[in-house]
Amino acid sequence: MAETLRVYLDNAATTPVHSDVIDVISSVMREYYGNPSSIYNEGQKSKELLEQSRDIVAQAIHADGAEIYFTASGTESDNWAIKGAALRYFGQKMHIITSVIEHHAVLHTCESLAKIGYEVTYLPVDADGIVAPEVLAAAIRPDTVIVSIMMANNEIGTIQPIKELAAVCRDKKVLFHTDAVQAVGSVPIDVKDLGVDLLSLSGHKFGAPKGVGALYIRKGVRINNFMDGGAQERNRRGGTENLPYIAGLAKAITISAADLPSKADKLSRLRNELVEKVMDTIPHTRLNGSYDKRLPGNANFSFEFIEGESLLLMLDHMGYACSSGSACTSGSLDPSHVLLAIGLPHEIAHGSLRVSISTSLTSEVIDRFVAALEKIVFRLREMSPLYEDFVKNKTTPIIPCTKCYKEQIMKEV
């Protein structure tokens, strides 16, 4: 029997490691084995590569090298930013602000701080998943220590007005952190123009391996250390630096930054083609998130009358790797907190599909994928008692006819 041709459509969960990055990592493992903290030749050779990598990562987001601290993941960076700021002012400023659609690396960090006395305000979002700057301004109090709003949502792809939100915090003299894990490598980022104080990134979202990330800490911002130990990372994060992966991170961010506007434009065109074909082919389907203020490679759909887990399993059987939302919650049977936050009822949120593409996608593959998706949705609806009731009794669907829905979102654009 012929092997199923696999198509990877879950780049928001993780990206394949770029071949050039693998070459860099292998080379560093062979040639840069010295500890960067050692004073002899082998150590200083490694130290020089470490600082070169730091400068490369900094340049990619328009920061200074001294503002970049390497971590093991975006989750660690989020924890460090929020807990580091909060605990520095423990007993003085005990209020934190975030949004209802954050990644669990932020939400669970805030929950852990709430257990030791912090009060957390969770800002609502509109139907596209956007936090309004005026809503943030109204929520800030004299005891607010930090605000954390993600740059781009990992499920629905919505991009937040970070510059405006950061300006609100700057006027109120409150620290502002953004989880940019999904954004770095997908859209241009200038931390100085944005005005953020802290920014998290993770290498495996743009061609580096899992297990390496970074935290940008603006010069002058003071937060507590998160990892205690040695004097690494300028006495801010203990633990011998993972030099091969750090060099790989620097190579990956260089590759992703090269001709980024052109790549983002190509991704947007492919994504729009995918969205149009799915919406034209499958009735009672909606696109979740903003139509235009979204990551170039993200499309998130809800299909009425079906359940998302069955959809994913059948797509996998036909050779397509997709997801229903965050990979960090893939074992949960609960509907996405993001989809519920933008107003979707439980039964619609359960029937969601996230497709996150790369520039290697072609129109031919899109056509094959949409054809497979149509067959699967049709089959699942045939087995659905809700769909049977809709067909027999002409009950009113929650998602209107796709043509009407498309006309609605295009008017909003």
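Worth saying up front: this structure is predicted, and the values here are computed from it rather than measured.

Novice: I tried to follow the confidence of the model for the chain on my own but got confused; where do I start?
Specialist: The predicted coordinates should not be examined in detail at positions where pLDDT is low. With 94% of its residues at a pLDDT of at least 70, the chain reaches an overall mean of 94. For the chain, per-element mean pLDDT is lowest for helix α16 (residues 402-412), which scores 52, and highest for strand β6 (residues 175-179), which scores 99.

Novice: So what exactly am I meant to see when it comes to the sheet that holds strand β12 (residues 352-356) here?
Specialist: The strands that make up a sheet pair up through hydrogen bonds in the backbone, lying either parallel or antiparallel. Taken in spatial order, the 3 strands line up as β9-β10-β12 in an open sheet, and their pairing is antiparallel. With one partner strand each, in any of the chains shown, β9 (285-287) and β12 form the two edges of the open sheet. With direction set aside, neighbouring strand axes in the sheet form an average angle of 25°.

Novice: Where do I start with the packing of aromatic side chains in this structure?
Specialist: How two aromatic rings sit relative to each other is set out by the distance from centre to centre and by the angle between their planes. One pass over the full model with this rule turns up 7 aromatic pairs. Taking 5.1 Å as the distance between ring centres and 25° as the angle between the ring planes, the aromatic pair formed by F305 and F390 counts as stacked. Remark: F390 occurs in helix α15 (residues 385-393) and F305 occurs in the loop between β10 (298-303) and α11 (308-317); sequence separation between them is 85 residues. We note K45 situated over the ring of Y32; from NZ or CZ to the ring centre the distance is 4.7 Å. K93 extends its terminal NZ or CZ atom over the ring of Y89, reaching a point 5.7 Å from the ring centre.

Novice: Can you walk me through the pattern of salt bridges in this structure?
Specialist: For side chains of opposite charge, pairing can occur when their charged atoms come near one another. Inspection of every chain in the model, using the stated rule, returns 17 salt bridges. In this structure, K392 and E388 form a salt bridge, with 2.9 Å as the shortest nitrogen-oxygen distance. Of this pair, K392 and E388 both sit in helix α15, 4 residues apart, roughly one helical turn. Judged by relative accessible area, E388 falls into the partly exposed class, the value being 41%. What emerges from the salt-bridge pattern is a single network uniting K47, E51, R54 and E233.

Novice: How do you make sense of a nonpolar patch on the surface when you look at a structure like this?
Specialist: Side chains of L87, F90 and I116 sit close together on the surface and give an oily, nonpolar patch of about 270 Å² of accessible area. Under the relative-accessibility criterion, I116 is labelled partly exposed at 44%.

Novice: Just to check I follow, could you spell out the environment of Y122 for this structure?
Specialist: Within the secondary structure, Y122 is located in strand β4 (residues 119-123). Assessed through its relative accessible area of 35%, Y122 is described here as partly exposed. Put simply, Y122 and I101 are 21 residues apart on the chain and 8.9 Å apart in space, counted from C-alpha to C-alpha. Each residue touching Y122, except ones within four places of it in the same chain, is listed here: T98, S99, V100, L107, C110 and E111.

Novice: Please explain the side chain of D78 as it appears in this structure.
Specialist: Relative to the helices and strands, D78 resides in helix α3 (residues 74-88). Salt bridges are absent for the buried D78, whose nearest opposite-charge side chain, K205, sits at 10 Å. Apart from the residues lying within four places of it in its own chain, the contact partners of D78 are A105, V106, H177, D179 and S200.

Novice: Honestly, the environment of K173 in this entry has me stumped. Any pointers?
Specialist: The residue K173 is located in the loop between α6 (162-172) and β6 in this model. Along the primary structure K173 and V145 are separated by 28 residues, whereas in three dimensions their C-alpha atoms are 9.1 Å apart.

Novice: I would appreciate a short explanation of the nonpolar core in the present structure.
Specialist: Note that soluble globular proteins tend to have their nonpolar side chains buried in a common cluster. Counting 62 residues, the largest nonpolar core has I68, L136, F176, I189, V196 and L199 as the members making the most contacts within it. Among the elements that make up this core, the one with the highest residue count is helix α9 (residues 243-257) (7 residues). Residues in contact with I189, not counting those within four places in the same chain, are A60, I61, H62, M151, A180, A183, V184, L194 and L199. Membership of the second largest hydrophobic core comes to 33 residues, among which are L315, L353, V370 and L380.

Novice: Sorry if this is basic, but what is going on with the sheet that holds strand β5 (residues 144-148) here?
Specialist: Pairing is mixed in the open sheet, where 7 strands are placed in the order β2-β8-β7-β6-β5-β3-β4. The strands lining the two open edges of the sheet, one partner per strand, are β2 (68-71) and β4. Neighbour to neighbour, the strand axes of the sheet diverge by 20° on average, direction disregarded. Where strand β3 (residues 95-99) lies against β5, 4 bridges are found, and the strand directions are parallel. Looking at β5, one finds that I97 is bridged to V147. Contacts between helix α2 (residues 41-60) and the sheet are confined to β2 and β7 (198-202), with β2 contributing the most and set at about 110° to the helix. Each of β5 and β6 touches α6; the most contacted strand, β6, lies at about 155° to it.

Parameters and conventions
Residues numbered from 1 in each chain as written. Predicted model: local features only at pLDDT ≥ 70, side-chain atom pairs only at ≥ 80, totals over all residues. Heavy atoms only, no water. pLDDT = per-residue confidence, 0-100. Helix = DSSP H or I, 4+ residues; strand = E, 2+ residues; numbered from the N terminus. Pairing = 2+ DSSP bridges. Axes fitted to C-alpha atoms, helices over the stretch in contact; angles between N-to-C directions. Phe/Tyr/Trp six-rings, centres within 6.5 Å; stacked < 30°, edge-to-face > 60°. Lys NZ or Arg CZ within 6 Å of the ring centre and 35° of its normal. Salt bridge = Lys/Arg side-chain N within 4 Å of Asp/Glu carboxyl O. Buried < 20%, exposed > 50% of the residue type's maximum accessible area, 1.4 Å probe, protein only. Patch = residues over 30% accessible without salt bridge, like charges linked within 9 Å, V, L, I, M, F, W, Y side chains within 5 Å. Areas by Shrake-Rupley, 256 points an atom, 1.4 Å probe, with all protein chains shown as cover. Contact = heavy atoms within 4.5 Å. Lys, Arg positive; Asp, Glu negative; His and termini not counted. Core = buried A, V, L, I, M, F, W, Y, C linked by side-chain atoms within 4.5 Å.

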